[in-house]
Amino acid sequence: MCSGFVRLVEGKSRCSGRVEIRDGEQWKTVCDSHFGPKAADVVCRELQCGVALPVAVAAHVGEGMSPIWDGELQCVGNESVLASCPRGSPRDQPCTHVNSAVVNCTLFEGTVEVRLVDGGRRCAGRVEVKQQGKWGTVCDDNWDMNDATVVCKQLDCGSAVGAPQYGHFGPGSGPIWMDDVGCNGTESALSDCPHRGWGENSCVHTEDAGVMCSEYTGFRLVNGSTACAGRVEVQVLGTWGTLCASHWDLSDAHVLCRQLNCGFAESIPGGEHFGRETGPVWRDSFHCDGTEAHLGQCPVITLGASPCSHGNNAAVICSGSAAFASLRLVGGGSRCDGRVEIFQRGMWDRVLDDQWDLREANVVCRQLQCGQAETAYNPPKPERGTGPVGLRGVRCAGHETNLTQCNTSLPESALAAGVAEDVGVICWGSRWVRLVNGSGRCAGRVEIYYQGSWGTVCDDGWDLSDAAVVCHQLGCGGVVEAPGSAWFGKGSGQIWLDGVKCSGAEAALWDCPARPWGQHDCGHKEDVAVICSGLWWDPGSWGGQDAGRAGHGQGCPWLPLSSCPSPSCRHPCTGTLSPIGVPGELSCPRVLAGRAGVSVHQGLLSAPGCKRDVLAMPLPG
């Protein structure tokens, strides 16, 4: 590549090779002792080849035969052309062609094309780049989420959710173009990132790098009276569509409100509260725990555009108040517990105090609509913040509706008696339920988050009515079984509830009659469990034809009921006739040994009337 004053010769592309400078009517080789990294950057900029990559030795491109230039370049690094660099005095030390300066730039053969292959969709798969008319792969040495982020951005595929290594999407073929890629995540194209040099690698194709992107390129609320209320619309690869509400819950809504800087979710109205949908309806199912910064970080099952019951649109009304949105709790198990941070001047700041107590904590919980404060505390050292301090010293009467209404202008003398530290809060609103150690989020041991820690429930009196409340609370359909005796293994820590007696109509498990919190006569061998009908699955976790789709899960593989057209095909979770008759609905081929009409042989499930065998996973116990 030649610009009139400088050129690169004998390299593998127009953007790599030995440096030659035009001196009068002659092209002369530059000695590497006269040529530093800043000069290399200027060369790449002048030749429109990106930025310079590190080069080990000149022998990569041969020694050359042109005369040796005896000048010295003292580039600052911001020059647009090499001729603008200051020059030093000629050096006396000898220089030979063995010591020729060599430059490799990031850009290679013009604009670098990138694609993802063998992932089952455009936005997931093995990373391949096209150079010299040939597609090749990228080695996974140092491959991470920053690199994947750049690939997803370049392909307009939303955010990165995975950066698999070790040939996750199968080994490629042809050249391995890139190795030791080191993106910082802000680059617009993979070719802008530092790497070892085009075609330079020490890899084989079993080390080919992969990428999984979310495909979500936007979220918004429409048809509401403000920007913080409305029907949820998601942009998938540039196309806006309404999100189906089949699995939409408050945890998901909290995350979206936070993402849109709209505070937190106050309600999730159903039906057509914000009007009928237009355009496609996405049945993608998010499974947030409520602490994520945006929906793209949540586990998701990608179902794409598919039928959704009429008017079943996801919607949310966020608090939307600048006062509410200016405070948050971080590092806890929910949005209602954790270290206190306040939003000021466009950034989140720490709150420090030396006499933090329930009066201040109650104001925080009230502001966040999390009920009353259970605990006011100073986080231990590993959980303290590291950013700027927004408030240092707070004195509340306890009746204020906003922390900034408290006295926050304390003189330094008021803090002299103690050490101002980060402050934290646990509110009564920070109660959550989950199912663990099962085949997904809808089956497992019942655990409750209370007073800042997870604990279990004792099986005294536990029955289907109690389990039904848990399934409903988690949006997991109906109850299938309510096993006790640590069916999904023993838990640890607190046993929060005992003697639960739900009617089945309660909205949450803690609304049911029970012994006082933490009072019981049980051991963890009596931990209760629940199996709900709405078991779910991430196809990528099973390596099937949909392996690699964006999503995270621990479930067993789903079997469409269209595979079981005969009434004699029994529901593989229960051994009973399937209660679902709608084609396209999903049921789980997870079986109980010995159930009538269902058998497992060498990991495959067989049932009368089924068209094919499917993978199976026996229940524990």
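What counts, and where the lines are drawn
- Residues numbered from 1 in each chain as written.
- Predicted model: local features only at pLDDT ≥ 70, side-chain atom pairs only at ≥ 80, totals over all residues.
- Heavy atoms only, no water.
- Disulfide = S-S within 2.5 Å.
- Helix = DSSP H or I, 4+ residues; strand = E, 2+ residues; numbered from the N terminus.
- Buried < 20%, exposed > 50% of the residue type's maximum accessible area, 1.4 Å probe, protein only.
- Contact = heavy atoms within 4.5 Å.
- Polar contact = N/O pair within 3.5 Å; in protein donor to acceptor, adjacent residues only side chain to side chain.

A.B. asks: I'm lost on the state of the cysteines in this one. Help?
C.D. replies: Cysteine pairs can be covalently joined through their sulfur atoms, and such a bond is termed a disulfide. For the coordinates displayed, the defined rule picks out 12 disulfides. The side chain of Cys 75 participates in a disulfide bridge whose partner is Cys 85; the two sulfur atoms lie 2.1 Å from each other. The chirality of the disulfide connecting Cys 75 with Cys 85 is right-handed, given an S-S dihedral of about 105°. On the criterion of sequence distance, the pair formed by Cys 75 in the loop between β6 (72-73) and β7 (87-88) and Cys 85 in the loop between β6 and β7 is long-range, its members being 10 residues apart. Taken as a pair, Cys 75 and Cys 85 share a single burial class, namely buried. The disulfide that involves Cys 396 links it to Cys 406, with 2.1 Å between the sulfurs. A torsion of 105° about the S-S bond marks the disulfide between Cys 396 and Cys 406 as right-handed. On the criterion of sequence distance, the pair formed by Cys 396 in the loop between β27 (389-392) and β28 (421-422) and Cys 406 in the loop between β27 and β28 is long-range, its members being 10 residues apart. Relative accessible area serves as the criterion here: at 6%, Cys 396 is assigned to the buried category.

A.B. asks: Sorry, what's going on with helix α6 (residues 464-473) here?
C.D. replies: Each α-helix turn comprises 3.6 residues. Residues three or four places apart therefore point the same way. When α6 is considered as a whole, its buried residues turn out to be Asp 466, Ala 467, Val 469, Val 470 and Cys 471. As for α6, its buried residues are in contact with β30 (432-440), β33 (479-481) and β35 (529-532). Sitting at the amino-terminal end of α6 is Asp 463, which places a side-chain oxygen 3.1 Å from the backbone nitrogen of Ser 465.

A.B. asks: What's the story with helix α1 (residues 37-46) in this structure? I'm lost.
C.D. replies: Within the sequence span of α1, burial applies to Ala 39, Ala 40, Val 42, Val 43, Cys 44 and Glu 46. In this structure, the buried residues of α1 make contact with β1 (6-10), β4 (52-53) and β8 (102-105). Gln 48 sits one or two positions beyond α1 and adopts a positive phi of about 55°.

A.B. asks: So what exactly am I meant to see when it comes to the environment of Val 480 here?
C.D. replies: By the secondary structure assignment, Val 480 is in strand β33. When the C-alpha positions of Val 480 and Cys 532 are compared, they lie 5.2 Å apart, and in sequence the two are 52 residues distant.

A.B. asks: Help me understand the environment of Arg 87 in this model?
C.D. replies: Residue placement: Arg 87 occurs in strand β7. With a relative accessible area of 47%, Arg 87 lands in the partly exposed category. Between the alpha carbons of Arg 87 and Cys 75 there is a distance of 8.0 Å; along the sequence they are 12 residues apart. With sequence-adjacent residues up to four places away left out, Arg 87 is seen in contact with Phe 5, Trp 69, Glu 72, Leu 73 and Gln 74.

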